Amino acid sequence: MTEDVWAGLTDRFVEGAYATVKGRVRTYVLHRHLMDHLPPPPAAVLDVGGGAGHQSFPLARLGYETVLLDSSEAMLAAAERRLAAESADVRDRVRLVLGSGEEAPSLTQGRRFAAVLCHGVLMYLPEPAPMIEALCACTAVDGIVSVMALNAATLAVRPALERRWDDAQAAFHARGERGVLGLNTRADTVEELSSMFADHGVRPLAWYGVWLFTDWMTLDEDEDELTRIAEVELEASRRDPYRQLSRVFHLVGRR
């Protein structure tokens, strides 16, 4: 295994980023998208790069059989701690696997899943093709592939709103940026990933935006306000031109 770059970032990511309004909105919006496409439980779900289980544990609570695969020992340890707080029936539906997403077909012994998720992972890879190939290889016939990636079309927005005009000008031609966790990230386009899906027998079904309004502001709201924010973000995620302006995009395809 290579050095675990997430070892020093796990707490910031799990206890910080996901606990913010922005993090909770992401989880909610992606979950609602998935519910439009997933077969009913107890269908099997593979969550590649699933971190501490924020996306897949809610699915396990609904009855889905879930395999969470991650290359970070630190992240899997966090997932194990969070899983310990779940009920026994939820724990029985979740399996944690250590390893690279690109090796998912062998790590899962060639098993095919009704849904394969890979959210917020591609942006940390040098290029997406090997991961997309692995995701598609793990997907059963008529199953879905779900990826969330950094939107290459909107990289100039954040520096412009922060009045970093030179950075904004450069971002029009960039394919990546320094992320909020201090790691370099790489951006993709809906068209490019859709083409990769098609190359591996997966037909793109739908794409959505994630993080439009909440990505450009700092929010610390109560539960009632959070609900209203999340519903607005969900509506924006499904509509043009709003989804095109989102920070990241969510692409779903069917094998």
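Under an unreviewed UniProt entry, the name given to the protein is Methyltransferase type 12, and the organism recorded is Candidatus Protofrankia datiscae.

Novice: A description of unusual backbone geometry should follow, citing residues and the corresponding values.
Specialist: Comment: phi is negative for the bulk of residues other than glycine, and the bulk of peptide bonds are trans. In the segment running from Pro 41 into Pro 42, the intervening peptide bond is cis, with an omega of 15°. By secondary structure assignment, the location of Pro 42 is in the loop between α2 (21-35) and β1 (44-48). Cis geometry marks the peptide bond from Asp 240 to Pro 241, where omega comes out at 0°. Along the chain, Pro 241 falls in the loop between α11 (223-237) and β9 (248-254). Phi is positive for Gln 109, which is not a glycine, with a value near 55°. Positionally, Gln 109 belongs in the loop between α6 (104-107) and β4 (113-119). Its identity as a non-glycine residue notwithstanding, Trp 211 has a phi of 70°, on the positive side. Structurally, Trp 211 is set in the loop between β8 (203-210) and α11. According to the relative accessible area criterion, Trp 211 is buried, its value standing at 13%.

Novice: Describe the sheet that holds strand β2 (residues 65-70), listing the residues and the values that go with them.
Specialist: Taken in spatial order, the 7 strands line up as β3-β2-β1-β4-β5-β9-β8 in an open sheet, and their pairing is mixed. In this open sheet, the two edge strands, each paired with only one partner strand, are β3 (94-98) and β8. If you compare each strand with its neighbour and ignore which way they point, the axes differ by 15° on average. Pairing geometry for β1 and β2, over 5 bridges, is parallel. Paired with Val 48 across the bridge in β2 is Leu 69. On top of the sheet, helix α7 (residues 129-137) reaches β1, β4 and β5 (139-150); it is set at about 150° to β5, its chief contact.

Novice: So what about the pattern of salt bridges? Which residues, and what values?
Specialist: Under the counting rule described, the total for this entry stands at 15 salt bridges. Taking the shortest distance from any N to any O, the salt bridge between Arg 228 and Glu 225 comes out at 2.3 Å. Linking Arg 228 with Glu 225, this pair stays in helix α11, spanning 3 residues, or about one helical turn. One continuous salt-bridge network, built from bridges that share partners, spans Arg 158, Glu 162, Arg 164 and Asp 167.

Definitions and limits used
Residues numbered from 1 in each chain as written. Predicted model: local features only at pLDDT ≥ 70, side-chain atom pairs only at ≥ 80, totals over all residues. Heavy atoms only, no water. Helix = DSSP H or I, 4+ residues; strand = E, 2+ residues; numbered from the N terminus. Buried < 20%, exposed > 50% of the residue type's maximum accessible area, 1.4 Å probe, protein only. Pairing = 2+ DSSP bridges. Axes fitted to C-alpha atoms, helices over the stretch in contact; angles between N-to-C directions. Contact = heavy atoms within 4.5 Å. Salt bridge = Lys/Arg side-chain N within 4 Å of Asp/Glu carboxyl O.

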